Amino acid sequence: MNTPPPLQTRDEITNLRRQLWAQGHRPLAVRTGGKEPDGMNWTGRARANPPFAAINPAQSWALNTGLLCDGLRAVDIDVDYPARANALRELAFATLGGAPARWRANSHRILLLYRAAEGAPKKRAIVSGVYTSADGKAEKVEILGYGQQFVAHGNHPSGAPLEWWPLPPQQFDRAALTPVTEDQITAFLAEAAKIIAAPIEHATALPRPAVAPSHGGCSLASPEPVGNRERAYAADALARNAAELAGLHSGRNRACNAIAFRMGRMVAAGWIEREMVEGALYAAMEINGWRDDNRHGDRKAWATLQSGLTNGMQRPHPPLEKAPDNPNQQAEWQAVWRAHQEYLASVGGGVTK
């Protein structure tokens, strides 16, 4: 097998997530040794460009790494009985084509990774009416898709490390995955249903019209052209404001609302993505202790953040003043933007512990 040894340090996991993003995948932090995504609005964080996990240091409580399934078709075979599990795997290869496989040594369960030929289809599944797995739950085959994730790296709750064959996702481009159509998925599930004695799927989950987000662009259209200068301005503002918020010990709720309002104006102008602002400011409210000092603090902090952002987005930031003519201006702003990206990555959006 070509799977590297299990990652142990936070730095190694942080670098892994950056490698995944560089290959076109969308990583997210998952609770250590578990399957639960870390933090609120994890789908929004994973859809940001770049994803939140790709630029923020890994934390000790969330060392597993998941992949967002928007635009993917992850065939998750939750079957323990060896003969049926093997038959389903071979059926997938024959019906859908070759695919990298995620597995673990203490189970016959396996996940095969494909990409959607079109759009970002939702989840589909069949569930056995006869067979149960070792955990007492019915055997099933799921096709994970839009709005879902699977754990790609780390340890399974059983303690076994997750492994890949022949290559893990950080070693291949997402575009290299075998594309599959929903007609192929339908044919696969119809045959799979016979193997696990499941009712044949009646409803077909049609592809969403919107494709999975790409590396480039902003989340909101802007009436003014958005370039490196505006993006650098917003990135610098987020780093400074998040660091300021993280260091407060009083007036935190009011400050969060005001900062979120200011950043919301830049979100509306298309200079920065909302998910990036949410992630950095929400983490800052954890560092300054406000989320721990109040009953339902997480919910209150999130509500304050959303209120400020939403109000700010009603008043888009005006265009920056025209800079003096400078033949090297574009190169300088590109350098500034790269510097701010590196700064945000090094300090976790200005709010790392």
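Please refer to the structure higher up on the page.
Within every chain, residues take consecutive numbers counted from 1 along the sequence as written. Residue-level local features of this predicted model are given only where pLDDT is at least 70; pairs of side-chain atoms are given and counted only at 80 or more, and the full residue set underlies all totals for whole chains, interfaces and linings. Derived side-chain values reflect all non-hydrogen atoms in the structure, with water molecules and hydrogen atoms excluded from consideration.

Caption draft 1: Expanded view of helix H4 (residues 82-96). Every helix listed is a DSSP run of H or I at least four residues long, and every strand listed is a run of E at least two residues long, numbered separately from the N terminus. Multiplying 1.5 Å by the helix residue count minus one yields the expected span of that helix. Taking 1.5 Å of rise per residue, the 15 residues of H4 would be expected to cover 21 Å, and the 21 Å separating its terminal C-alpha atoms lies within 8% of that figure. Every buried residue belonging to H4 is among Arg84, Ala85, Leu88, Leu91, Ala92 and Leu96, and all of these are buried. The buried side chains of H4 occupy one side of the element, clustering within an arc of 125 degrees when seen end-on. Contacts: residue pairs with any heavy atoms within 4.5 Å of one another. On the buried face of H4, the contacting elements are strand S3 (72-78), strand S5 (110-116), strand S6 (124-132), strand S7 (138-144), strand S10 (179-180) and helix H5 (182-196). At the C-terminal side of H4, Gly97 shows a positive phi close to 105 degrees. Each residue gets one of three labels from its accessible area relative to the maximum for its type: buried under 20%, exposed over 50%, partly exposed in between, using a 1.4 Å probe on protein chains only. The arc in question is the one traced by the directions running from the helix axis out to the C-beta atoms.

Caption draft 2: Local environment of the pattern of salt bridges. Within this document, salt bridges are pairs made up of a side-chain nitrogen of Lys or Arg and a carboxyl oxygen of Asp or Glu, the two lying within 4 Å of each other. Summed over the entire model, instances satisfying the criterion amount to 14 salt bridges. Where Asp80 meets Arg109, a salt bridge forms, and the shortest distance between an N and an O atom there is 3.0 Å. Of this pair, Asp80 sits in the loop between S3 and H4 while Arg109 sits in the loop between strand S4 (101-103) and S5, and the two are 29 residues apart along the sequence. A salt bridge links Arg274 to Glu278, with the shortest nitrogen-to-oxygen separation between them at 3.1 Å. In this pair, Arg274 and Glu278 are both assigned in helix H8 (residues 274-287), four residues apart and thus about one turn of the helix distant. What you see here is one network of salt bridges that share partners, running through Asp78, Asp80, Arg109 and Asp135.

Caption draft 3: A look at the side chain of Asp38. Take Asp38: it is sitting in the loop between strand S1 (27-30) and helix H2 (42-47). What makes Asp38 buried here is its relative accessible area of 15%. Pairs of N or O atoms are called polar contacts if they sit within 3.5 Å, as long as, within protein, a hydrogen donor faces a hydrogen acceptor (for residues adjacent in sequence, only side-chain-to-side-chain pairs). Looking at Asp38, its side chain comes within polar contact range of the side chain of Arg31, at 3.2 Å. Among residues more than four places away in sequence, those in contact with Asp38 are Ala29, Val30, Arg31, Arg45, Trp61 and Ala62.

Caption draft 4: Layout of the packing of aromatic side chains. Two aromatic rings, drawn from Phe, Tyr or Trp (for Trp, its six-membered ring), form a pair once their centres lie within 6.5 Å of each other, and the interplanar angle then sorts them: stacked below 30 degrees, edge-to-face above 60, tilted otherwise. What the rule picks out here adds up to three aromatic pairs. Relative to Trp164, the ring of Phe150 has its centre 6.3 Å away and its plane inclined at 55 degrees; by these criteria the two rings are tilted. Taken together, the positions of Phe150 in strand S8 (residues 149-153) and Trp164 in strand S9 (residues 163-165) put the pair 14 residues apart, joining distant regions of the chain. Of the residues examined, Phe150 reaches a relative accessible area of 4% and is grouped as buried. Where Tyr233 meets Trp271, the ring centres are 5.8 Å apart and the plane angle is 85 degrees; that geometry is what we call edge-to-face. With Tyr233 in helix H6 (residues 228-246) and Trp271 in the loop between helix H7 (252-268) and H8, this pair connects stretches of sequence that are 38 residues apart. Since its relative accessible area comes to 5%, Trp271 is described here as buried. When the NZ atom of lysine or the CZ atom of arginine is within 6 Å of a ring's centre and also within 35 degrees of its normal, the charge is said to sit over that ring. When the ring centre of Phe52 is taken as reference, the NZ or CZ atom of Arg45 above it lies at 4.2 Å. Across from the ring centre of Tyr131, 3.6 Å away, lies the NZ or CZ of Arg84, which sits over that ring.

Caption draft 5: The arrangement of the environment of Leu16 in detail. With respect to the helices and strands, Leu16 occurs in helix H1 (residues 10-22). In this structure the C-alpha to C-alpha distance between Leu16 and Gln170, which are 154 residues apart in sequence, comes to 7.1 Å.

Caption draft 6: Region of the structure containing the packing of H7 against H8. Two elements in contact, H7 and H8, have axes whose closest approach is 10 Å; the angle formed by their N-to-C orientations is 165 degrees. Between H7 and H8, the angle falls in the class roughly antiparallel. At the point where H7 passes H8, the crossing takes the right-handed sense. Mapping the contact onto sequence places Arg252, Cys256, Ile259, Ala260, Met263 and Val267 in H7 and Arg274, Val277, Leu281 and Met285 in H8. With axes taken as lines fitted to C-alpha atoms, and helix axes fitted only over the stretch in contact, angles between N-to-C directions fall between 0 and 180 degrees. In these notes the angle categories are as follows: under 35 degrees is roughly parallel, over 145 is roughly antiparallel, 65 to 115 is roughly perpendicular, and the rest is oblique. Crossing handedness is defined as follows: a turn of the near helix away from the far one that is anticlockwise and smaller than a right angle gives a left-handed crossing, while the clockwise case is right-handed.

Caption draft 7: A look at the nonpolar core. Among the nonpolar cores identified, the biggest contains 31 residues, and Leu245, Met263, Ile272, Val277, Leu281 and Leu305 are the most heavily contacted of them. Taken together, the elements giving at least two residues each to this core come down to H6, H7, H8 and helix H10 (297-312). Not counting chain neighbours up to four residues away, the residues in contact with Ile272 comprise Ala234, Ala235, Leu238, Met263, Met266, Val267 and Val277. Each nonpolar core is a collection of buried residues, namely Ala, Val, Leu, Ile, Met, Phe, Trp, Tyr and Cys, held together in the definition by side-chain atoms within 4.5 Å. Of all hydrophobic cores here, the second largest spans 24 residues; its members include Ile77, Leu88, Ala99 and Phe188.

Caption draft 8: A look at the pairing of S1. Neither face of S1 is left uncovered, since the one carrying Pro27 and Ala29 and the one carrying Leu28 and Val30 both have all their residues buried. Should DSSP find at least two bridges between two strands, the strands are taken to pair. Relative to strand S2 (residues 64-68), S1 runs antiparallel, the two sharing four bridges. Note on S2: the bridge partner recorded for Leu28 is Gly66.

Caption draft 9: Just the sheet that holds S2, in detail. The strand order across the open sheet built from three strands is S1-S2-S8, with neighbouring strands paired in antiparallel fashion. Both outer strands of the open sheet, S1 and S8, are each paired with one neighbouring strand and no more. The average angle at which neighbouring strand axes cross in this sheet is 45 degrees, direction not considered. With respect to the sheet, H1 is in contact with S1, S2 and S8, its orientation differing from that of S2 by roughly 15 degrees.

Caption draft 10: Focus on the packing of H4 against H5. Between H4 and H5, the shortest axis-to-axis distance is 10 Å and the interhelical angle comes to 160 degrees. With respect to each other, H4 and H5 are oriented roughly antiparallel. H5 is crossed by H4, and the crossing has right-handed handedness. Where H4 approaches H5, its residues Arg84, Ala87, Leu88, Leu91, Ala92, Thr95 and Leu96 are matched on the opposing element by Gln184, Ile185, Ala187, Phe188, Glu191, Ala192, Ile195 and Ile196. The residue makeup of the contact of H4 with H5, split by class, is 11 nonpolar, two polar and two charged. Following the grouping adopted for this structure description, the nonpolar residues are Ala, Val, Leu, Ile, Met, Phe, Trp, Tyr, Cys and Pro, the charged ones are Asp, Glu, Lys and Arg, and the polar ones are all others, Gly among them.

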